[in-house]
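# Notes for the structure review
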Amino acid sequence: MGRETHDRMANAIRALAMDAVEAAKSGHPGLPMGAADVATMLFTRFLKFDPADPAWPNRDRFVLSAGHGSMLLYAVLYLLGYPDMTLEEIKRFRQLGSKTAGHPEYGHAAGIETTTGPLGQGIATAVGMALAERILAARFGDNAVDHYTYVLASDGDLMEGVSQEAIALAGHLKLGKLIVLFDDNGITIDGKLALSDSTDQVARVQASGWNATRVDGHDPDAIAAAIEAAKQSGRPTLIACRTHIGYGAPTKVDSEKAHGSPLGAEEIKGAREKLGWPYPPFEIPADILDLWRKAGARSRDVRKSWTERVGKLDAATRAEFERRTSGKLAPALAAAVRKVKEDAVAKPAEVATRKASELSLEALAAALPEMIGGSADLTGSNNTITKGMKVIAPGDFSGRFVHYGIREHGMAAAMNGMALHGGVIPYSGTFLAFSDYCRPSLRLAALMGKRVIHVMTHDSIGLGEDGPTHQPVEHLAALRAIPNLHLFRPADLTETVECWQAALQLDAGPSVLALTRQNLPAVRTRLVEENLCARGAYELSPASEKAEVSIFASGSEVSIALEAQAELEKKGVPARVVSVPCFELFRAQPAAYRHQVIGTAPACVAVEAAIRMGWDEIIGSDGAFVGMMGFGASAPAKDLYRHFGITSEAVVAAALAALGREDAAAGIKAARRS
């Protein structure tokens, strides 16, 4: 296209952006106006997609990492002809129930590949998308999988620490099909970028193994040449596009005043005059809209050719490709779970649940080849690699295990990108105390409803000598507080494989498996076909007669609960034990089942080596709790459990006190002395 045509097409983005922000009286017009030339060139000449089939597996992915500039994406989707991004939706920008939220939200409209807004998340998520593309290409061939991942990133994205984790990982793995377009406008909300940063971003990414270059972000030919060169590189590429934020605004261009506020009627009037855009708000001239719609249809024949190629794959390969990209689990999963449960009952043993997870993974990974494991440099501690699992290495993506390095945040974001891409189920490991590093990405996974599975070991003071810096205390409650995240804390091998099965079957949100370092006795000694953990909580051991005490526990404290039950029975106090591996699944059960499991015993006691927060919905505010009140300490695990009073004696004393028994005070004192 000629320069005049390009400018008019780019101005359509600018006009829609400033009109929508003005109508909403809220938003960020500056980035869409400044990056419109970059977006126009990318979407009309390079990006491979088809609005008629927005879920086409072999489409290129576009990630607007600078999510505050959401109107750029919404404008482009409307102009290209995505059916559910209408002009009415543009007019309803930032309004309740609209598809055009303040920041792009995955699932609201076709063409929004991921939720962005928290800066740095988009570029880190894109690394996972690019990695998933290479993994699937290694398995199914370039005829089936061959596409690029493009990112539009801002200064803020590159300033956030997670971006360095992602950049380093992508450079190490040589993800050559990842291309980042950096909107290098030199402005942040506070003002000039120089107020807070003087990093040479080109040199920075080059130091991490990237190809990088600088271009004029308003020169379409220069942008095109840089993208062409990037596609020939065997490394990820950053193209620093020097742009003017608020391009076209007569007084607010190159100013923070164009960043996060409506331009105002007078400034918009001046911008229309400067850009040569005489049309009223939200009106796109027919010839320009037609050019955009033709650009939207330009990959249709490419998609049809791809469909024909995939159709020529042998039947087994094609069926497996379609199964994986649909997200359906293989039927072999059920048999794999049953085999682990049979072995657990046939040969009960004391094992840490991290080891139980490894034993489970040996069976599960064989049944589900789409499972891609990893660890943040804690492979031997997290037990996330199985025998014979090949490691993914730079230029060789035929393996199934990723060494993410000490990059928990970047790992979690990349896992989100892998899940969003589809065709793989990412799981990976770190210590539970380091879930804080992962939390922003975990929250986005929950918000987007994507299946990622985090194995988080060393889940309590039971890890022992490493001390309070590594001993989770508040982390179980903090993770349970995230909506749509499922936290599993199994008690033995049987519960562990059941929790894995439940996590794999939860395809609309992330899961965390909190696992022990220390060995635990088997608490499930009888084979039960049903996945009891999938109910969230269940009666593990009934009382000998009508229960006077209900003891609730998770993970490593279930065995303590069983010991306390035996002691109470000796004292003539009938007690029952309920295992609670997953609050969230229990909360989702029918009311009748919840009431049955909680029971009617006059005394309720919960025991967990963590803080009380969250347990009151089960035991009530007047229930007794045995657990942690503060941080841990450095000592052997058994000493710590005694020191902090997380013992069967303490549970018995709490139960007797709740019943008003006269011997309760003596029991509490004895428990404290021990």
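This report concerns the structure included in the present document. Quick caveat, the model's predicted, so the values are computed rather than measured.

Reading the values: rules and limits
- Sequence order sets the numbering: in each chain, residues are counted from 1 along the sequence as written.
- For this predicted model, a pLDDT threshold of at least 70 governs which residues receive local features, and a threshold of 80 or more governs which side-chain atom pairs are given and counted, while totals over whole chains, interfaces and linings are taken from all residues.
- As a rule here, side-chain values come from all non-hydrogen atoms in the structure, and water together with hydrogens is ignored.
- Every angle, taken between N-to-C directions, lies between 0 and 180 degrees, and every axis is a line fitted to C-alpha atoms, over only the stretch in contact when it is a helix.
- Helix and strand labels come from DSSP, where a helix needs a run of H or I of at least four residues and a strand needs a run of E of at least two; each type is numbered from the N terminus.
- Small angles under 35 degrees read as roughly parallel and large ones over 145 as roughly antiparallel, with 65 to 115 read as roughly perpendicular and the rest as oblique.
- Crossing handedness is read from the near helix: turned anticlockwise from the far helix by less than a right angle, it gives a left-handed crossing, and turned clockwise, a right-handed one.
- Residues are treated as being in contact if the distance between any of their heavy atoms lies within 4.5 Å.
- Classes in brief: Ala, Val, Leu, Ile, Met, Phe, Trp, Tyr, Cys and Pro nonpolar; Asp, Glu, Lys and Arg charged; the others, Gly included, polar.
- Accessibility here uses a 1.4 Å probe with only protein chains present; expressed as a share of the type maximum, an area under 20% marks a residue as buried, one over 50% as exposed, and anything in between as partly exposed.
- Any two strands with at least two DSSP bridges between them are considered paired.
- By convention, orient the strands away from the viewer: a clockwise path from the first strand over the helix to the second makes the crossover right-handed.
- By this rule the span expected of a helix is its residue count minus one, scaled by 1.5 Å.
- Contacts described as polar in this section are N or O atom pairs within 3.5 Å, which, within protein, must combine one atom able to donate a hydrogen with one able to accept it, while residues neighboring in sequence count only if both atoms come from side chains.
- For this analysis, a nonpolar core means a set of buried residues of the types Ala, Val, Leu, Ile, Met, Phe, Trp, Tyr and Cys, connected via side-chain atoms within 4.5 Å.
- Basic side-chain nitrogens of Lys or Arg form a salt bridge, by our definition, when they fall within 4 Å of a carboxyl oxygen of Asp or Glu.

## Re the packing of helix α22 (residues 558-570) against helix α27 (residues 648-658)
Two measures define how a pair of helices packs: the angle their axes make with one another and the distance between the axes. Relative to each other, α22 and α27 sit at 55 degrees, their axes nearing to 8 Å. Here α27 runs oblique to α22, going by the angle between their axes. In this structure, α22 crosses over α27, and the sense of that crossing is right-handed. For the pair α22 and α27, contact is made by Ile560, Glu563, Ala564, Glu567 and Leu568 and by Ser648, Val651, Val652, Ala655 and Leu656, respectively. Grouping the amino acids of the contact of α22 with α27 by side-chain chemistry returns 7 nonpolar, 1 polar and 2 charged.

## Topic: the pairing of strand β7 (residues 237-242)
Within β7, 5 of the 6 residues are buried, which leaves it mostly tucked inside the rest of the structure. In this sheet, β7 lies alongside strand β3 (residues 178-184) in parallel orientation, the contact comprising 6 bridges. By the bridge assignment for β7, isoleucine 179 is matched with threonine 237. Two elements, strand β6 (residues 211-216) and β7, share 6 bridges in a ladder whose sense is parallel. If you follow arginine 214 over to β7, its bridge partner there is alanine 240. The parallel pair β6 and β7 is bridged by helix α10 (residues 220-231), and the resulting crossover is right-handed.

## Some words on helix α21 (residues 493-505)
Helix length check: α21 (13 residues) gives 18 Å between terminal C-alpha atoms against 18 Å at 1.5 Å per residue, within 8%. Buried within α21 are the following residues: Leu493, Thr494, Glu495, Thr496, Val497, Glu498, Cys499, Trp500, Gln501, Ala502, Ala503 and Leu504. The N-terminus of α21 is capped by aspartate 492, whose side-chain oxygen sits 3.2 Å from the backbone nitrogen of threonine 494.

## Some words on the nonpolar core
It is characteristic of soluble globular proteins that their nonpolar side chains tend to be buried jointly. Counting 86 residues, the largest nonpolar core has Trp500 and Phe552 as the members making the most contacts within it. Sorting elements by how many residues they give to this core places α21 first, with 7 residues.

## Notes on the sheet that holds strand β9 (residues 401-403)
Taken together, the 6 strands give an open sheet; going across it, the order is β9-β8-β10-β11-β13-β12, and neighbouring strands pair in parallel fashion. The open sheet has two edge strands, β9 and β12 (486-488), and neither has a second partner. Taking the axes of each pair of neighbouring strands and ignoring which way they run, one obtains an average angle of 20 degrees across the sheet. When strand β8 (residues 371-375) meets strand β10 (residues 425-431), the two strands line up parallel, connected through 3 bridges. Considered in β10, the bridge of serine 375 is made with glycine 429.

## As for the pattern of salt bridges
Taken as a whole and judged by the stated rule, the model has 39 salt bridges. Arginine 14 is paired through a salt bridge with aspartate 37; the nearest N and O atoms lie 2.8 Å apart. Placement of arginine 14 in helix α1 (residues 3-24) and of aspartate 37 in helix α3 (residues 36-46) is noted, with a sequence separation of 23 residues between them. When the shortest N-O distance is used, the salt bridge between glutamate 498 and arginine 524 registers 2.8 Å. Of this pair, glutamate 498 sits in helix α21 while arginine 524 sits in the loop between β13 (511-514) and β14 (538-541), and the two are 26 residues apart along the sequence. Residue classification places arginine 524 among the buried residues on the basis of a relative accessible area of 5%.

## Describing the packing of helix α6 (residues 121-140) against helix α8 (residues 161-173)
With their axes 8 Å apart at the nearest point, α6 and α8 run at an angle of 25 degrees to one another. Regarding the angle of α6 to α8, the classification is roughly parallel. The handedness of the crossing between α6 and α8 comes out as left-handed. On the side of α6, the interface is formed by Gln121, Ile123, Ala124, Val127 and Leu131, while α8 contributes Val162, Ser163, Ala166, Ile167, Leu169, Ala170 and Leu173. Partitioned by chemical class, the residues of the contact of α6 with α8 number 10 nonpolar, 2 polar and no charged.

## Quick notes on unusual backbone geometry
Backbone geometry places lysine 25, a non-glycine residue, at a positive phi of 60 degrees. Relative accessible area serves as the criterion here: at 60%, lysine 25 is assigned to the exposed category. In this model, asparagine 383 sits at a positive phi of 60 degrees, which is unusual for a non-glycine residue. Residue placement: asparagine 383 occurs in the loop between α17 (379-382) and β9.

On their own, these measurements won't tell you what the molecule is for.
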